[in-house]
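# Coordinate analysis (summary)
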Amino acid sequence: MSVTPLVFAALLLFFTHLGPSVFGIRDPLVRQYGVRTYRAAFVMLALLSLLLLILLYGDVQRSQYLWYPSPQLYRVPEFVMPVACVLVAGGLLKRRGLAEPELVGIHQISRHPVLWGVVLFALSHLAANGDHASVVLFASIALLAGIGTLTLDAKSRRSAPGAHQQMLATTSNLPFVALLFGRTGFRPRGLLGPLLAGAVLCAVLWISHRWLAGVSLA
């Protein structure tokens, strides 16, 4: 199968995630059907579009390359994925509220750890797979997750401007920027859970990689 259906699936993925806000239909839908119904429908459509993209990716013959992966590029996910797993696991363990006065745990690194973990996952696998289909899949996921960090910031700015400004003063969107520029101090308290959960997630993905992706890492 050619890469064209995969491109359309990627466009569908972007539309299901961004279309309601871009075209101004989110608020009317929420008013008509309620926020719970809207969120349930949104999650279902988003998951279905992502599943369609993944299924089509599995059917594309990877015979055309933008770059040919080298042994060095194959090793990129090995170094990046542990960090990605810690960000995702840590962000899922504890969500930071806008009004939290003290910044601890994974949110010292980024105020959007889950999405940046997804970005790192996608970019590391993009580097290790230079074929057209992989570029469409992983670049789409990375771009969508990156845009997601900006839309979440915009949402918090609209809903709670004061708390949002306080959050900007002590956190960073890009990982480690707030720590590097001294906007927050390093506090190891709260990092043990994300590190342990990230290690477990990384081990599960390593063991199940052959089943998930058809490539054994052993």
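One can find the structure itself at the top, above this paragraph.
Residues numbered from 1 in each chain as written. Predicted model: local features only at pLDDT ≥ 70, side-chain atom pairs only at ≥ 80, totals over all residues. Heavy atoms only, no water.

All right, on to the layout of surface pockets then. Taken as a whole, the second largest pocket holds about 220 Å³ of empty space. As for the second largest pocket, its lining consists of Phe15, Thr16, Pro20, Ile25, Leu29, Tyr33, Thr37, Tyr38, Ala41, Phe42 and Leu45. Listed by contribution, the elements that provide at least two residues to the lining of the second largest pocket are helix 1 (4-22), helix 2 (26-33) and helix 3 (35-59). When residues of the lining of the second largest pocket are assigned to their parent elements, the largest contribution, 5 residues, is made by helix 3. Residues that form the lining of the second largest pocket fall into these classes: 9 nonpolar, 2 polar and no charged. (1 Å grid on protein atoms, 1.4 Å probe; cavity = no way out; pocket = protein on both sides within 12 Å on 5 of 7 lines; lining within 4 Å. Points joined across faces, edges and corners; volume = space filled by probe spheres on them. Helix = DSSP H or I, 4+ residues; strand = E, 2+ residues; numbered from the N terminus. Nonpolar A, V, L, I, M, F, W, Y, C, P; charged D, E, K, R; others polar.)

Within this structure, the stated rule accounts for 2 salt bridges. Taking the shortest distance from any N to any O, the salt bridge between glutamate 78 and arginine 75 comes out at 3.7 Å. The exposure class of glutamate 78 is partly exposed, given its relative accessible area of 40%. (Salt bridge = Lys/Arg side-chain N within 4 Å of Asp/Glu carboxyl O. Buried < 20%, exposed > 50% of the residue type's maximum accessible area, 1.4 Å probe, protein only.)

Membership of the largest hydrophobic core comes to 19 residues, with the highest contact counts inside it found for Leu6, Leu53, Tyr57, Ala122, Ala133, Leu137 and Phe138. The set of elements that each furnish at least two residues to this core consists of helix 1, helix 3, helix 6 (113-128) and helix 7 (132-159). Considering each element in turn, this core owes the most residues, 8 residues, to helix 7. If you look at the next biggest cluster of nonpolar residues, it comprises 7 residues, including Leu87, Ile106, Trp116 and Ala145. (Core = buried A, V, L, I, M, F, W, Y, C linked by side-chain atoms within 4.5 Å.)

This next bit is on the environment of leucine 53. Relative to the helices and strands, leucine 53 is located in helix 3. Along the primary structure leucine 53 and arginine 158 are separated by 105 residues, whereas in three dimensions their C-alpha atoms are 32 Å apart. Discounting residues that sit within four places of it in the chain, leucine 53 has contacts with Leu6, Ala9, Ala10, Leu13 and Leu137. (Contact = heavy atoms within 4.5 Å.)

Quick look at the state of the cysteines now. Per the counting criterion, the structure on display carries 0 disulfides. Of the cysteine sulfurs around cysteine 202, a residue in no disulfide, the closest is that of cysteine 85, at 4.2 Å. (Disulfide = S-S within 2.5 Å.)

Position of histidine 125 among the secondary structure elements: in helix 6. Histidine 125 sits in the buried class, given a relative accessible area of 13%. Side-chain polar atoms of histidine 125 contact the backbone oxygen of phenylalanine 121, separated by 2.8 Å. The contacts of histidine 125, once residues within four sequence positions are left out, are Pro77, Met81, Phe138 and His209. (Polar contact = N/O pair within 3.5 Å; in protein donor to acceptor, adjacent residues only side chain to side chain.)

We now examine the packing of aromatic side chains. Under the definition given, this model contains 4 aromatic pairs. Measuring from centroid to centroid gives 6.1 Å for tyrosine 57 and phenylalanine 138, while their planes differ by 70°, and the two rings are edge-to-face. In this pair, tyrosine 57 is assigned in helix 3 and phenylalanine 138 in helix 7, connecting sequence segments 81 residues apart. For tyrosine 57, a relative accessible area of 14% gives the class buried. (Phe/Tyr/Trp six-rings, centres within 6.5 Å; stacked < 30°, edge-to-face > 60°.)

Time to look at the side chain of serine 134. Looking at the element boundaries, serine 134 is found in helix 7. For serine 134, the residues in contact, after removing those within four places along its chain, are Tyr57, Arg62, Leu126, Asn129 and Ala139.

Moving on, we get to the packing of helix 7 against helix 8 (residues 161-170). Closest axis-to-axis distance for the helix 7/helix 8 pair is 5 Å, and the angle between their directions is 135°. Considering their axes alone, helix 7 and helix 8 lie oblique with respect to each other. Across from Asp153, Ser156, Arg157, Arg158 and Ser159 in helix 7, the residues of helix 8 making contact are Pro161, His164 and Met167. Among the residues making up the contact of helix 7 with helix 8, the classes are represented as 2 nonpolar, 3 polar and 3 charged. (Axes fitted to C-alpha atoms, helices over the stretch in contact; angles between N-to-C directions. Parallel < 35°, antiparallel > 145°, perpendicular 65-115°, else oblique.)

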